[in-house]
Amino acid sequence: MQAVGKDGFRVLSRRPAMTTLVGVTAIHESAAHAEEAIGLALEEMDRLIAIFSRYDQATPLSVLNDAGQLDCPPPELALVLTQALTYHRLSAGAFDPTVAPLIDLFDACFGGPTPREPTAAEIEDARGVVGADTIMTSRRRVRLTRRGTSVTLDGIAKGFIVDRMAATLERAGVKRYLVEAGGDIRTGGRKENRLPWTVAIRDPASGAAELGRLPGTISLAGAAVATSGSYERYYDPARRFHHIVDAARGASPSACTSATVIAPTATAADALATAVLVLGARDGTALIDRLPGCAGLVVGTDGSVTYSQSWKESPQ
């Protein structure tokens with residue numbers, strides 16, 4: 001807790017969750033009220049993790065993957081699946097929530113006693129059950145129409161959870177906040193002295209020369225940003241296989257190391273950052289420029305930095 005003059009108090013809470021460190025900063029005239037609101041936001045995070053995690057067999061998403069069908073799904077699951085399908089269409093398939101069989105294949109091959117690359121035949125077998133067209137969703141039922149298909153919402157659920165945490169803070173009367181979960185960030189209002197929140201862009205850790213070419217920080221007031229990169233979770237030292245997968249090729253994208261997207265919501269920023277990394281610099285920034293309120297940049301494996309036109313035109 002820190003007193004910030006006439007603005008009251010800045011309260012910060014951090015805890016591990018969603019394979020990263022989640023932080024919530026709130027500014028309010030009452031420190032006790034800010035602490036209570038943060039507690040409610042963290043409770044909401046825990047509630048939603050218990051819906052979206054596919055690594056816990058008891059979650060609704062795991063039940064869907066195991067049974068191929070889920071009756072009376074939680075409304076949040078039906079909503080995020082619908083949003084995932086929307087970003088699948090917007091990105092011409094670059095964002096695909098059914099790449100879980102490929103990710104599981106990578107996990108199995110590299111996580112075994114003798115780590116190895118998956119064979120071409122194994123990749124083709126996994127690709128055979130990938131396809132967002134297999135997801136049928138409604139309020140009453142979610143169904144996977146192809147046996148063996150499974151869903152991962154790792155590329156969108158974290159952003160959704162960040163948005164819901166932000167909404168919880170606002171309902172509790174906290175209008176000035178920053179919620180961060182790894183590379184997913186949502187802000188509300190402005191910080192102390194009416195300044196915008198300052199957010200550092202995640203570094204793909206490729207060298208000091210490259211760092212100098214990236215904008216070091218961006219300013220956000222009531223917006224969100226997300227970064228997706230090959231450096232977040234990878235299986236081999238060369239990072240040819242990582243947690244972002246191009247469903248069309250059955251392989252991880254190799255032309256870029258990171259994509260950063262600014263958007264009105266963390267849900268949008270999260271999904272779009274994943275899609276842009278798959279699409280690559282040219283097609284990815286073209287997608288961003290077609291979407292209102294969005295801007296983005298892509299870092300190539302060669303150290304090049306490509307900005308969307310909207311990024312160039314917006315003050316950072």
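These notes cover the structure that comes with them. Quick caveat: nothing in here was measured; it's all calculated off a predicted structure. (Residues numbered from 1 in each chain as written. Predicted model: local features only at pLDDT ≥ 70, side-chain atom pairs only at ≥ 80, totals over all residues. Heavy atoms only, no water.)

### Considering the nonpolar core
Most often, soluble globular proteins have nonpolar side chains that are buried together.
Moving on, step 1. If you look at the biggest cluster of nonpolar residues, it comprises 68 residues, and the most contacted ones within it are F52, L153, M165, L169 and L272.
Moving on, step 2. What L169 contacts, discounting residues up to four positions off in sequence, is V24, A37, I38, A41, V174, Y177 and V179.
Moving on, step 3. Of all hydrophobic cores here, the second largest spans 17 residues; its members include I185, I201, A295 and L297. (Core = buried A, V, L, I, M, F, W, Y, C linked by side-chain atoms within 4.5 Å. Buried < 20%, exposed > 50% of the residue type's maximum accessible area, 1.4 Å probe, protein only. Contact = heavy atoms within 4.5 Å.)

### Digging into the packing of aromatic side chains
Moving on, step 1. Under the definition given, this model contains four aromatic pairs.
Moving on, step 2. Where F52 meets F160, the ring centres are 5.7 Å apart and the plane angle is 85 degrees; that geometry is what we call edge-to-face. Remark: F160 occurs in helix α6 (residues 157-171) and F52 occurs in helix α1 (residues 31-52); sequence separation between them is 108 residues. An identical accessibility class is assigned to F52 and F160; each is buried.
Moving on, step 3. For the pair F110 and F241, a centre-to-centre distance of 5.2 Å together with 50 degrees between the ring planes defines the contact as tilted. (Phe/Tyr/Trp six-rings, centres within 6.5 Å; stacked < 30°, edge-to-face > 60°. Helix = DSSP H or I, 4+ residues; strand = E, 2+ residues; numbered from the N terminus.)

### Description of the pattern of salt bridges
Moving on, step 1. Inspection of the entire model under this criterion finds 12 salt bridges.
Moving on, step 2. Residue R54 is joined to D104 by a salt bridge in which the shortest nitrogen-to-oxygen separation is 3.0 Å. Pair noted here: R54 is in the loop between α1 and α2 (60-67) and D104 is in helix α4 (residues 100-111), with a separation of 50 residues, a long-range link.
Moving on, step 3. Here R141 makes a salt bridge to D71, at a shortest N to O gap of 2.8 Å. Within this pair, whereas R141 is found in strand β6 (residues 141-144), its partner D71 is found in strand β4 (residues 69-71), the two being separated by 70 residues in sequence.
Moving on, step 4. Relative accessible area serves as the criterion here: at 41%, R141 is assigned to the partly exposed category. (Salt bridge = Lys/Arg side-chain N within 4 Å of Asp/Glu carboxyl O.)

### A few points about the pairing of strand β10 (residues 217-220)
Moving on, step 1. Only one face of β10 is covered, namely the one carrying I218 and L220; the face carrying T217 and S219 has none of its residues buried.
Moving on, step 2. Taken together, the four bridges between strand β9 (residues 197-200) and β10 define a ladder with antiparallel strand orientation. Considered in β10, the bridge of A200 is made with T217. (Pairing = 2+ DSSP bridges.)

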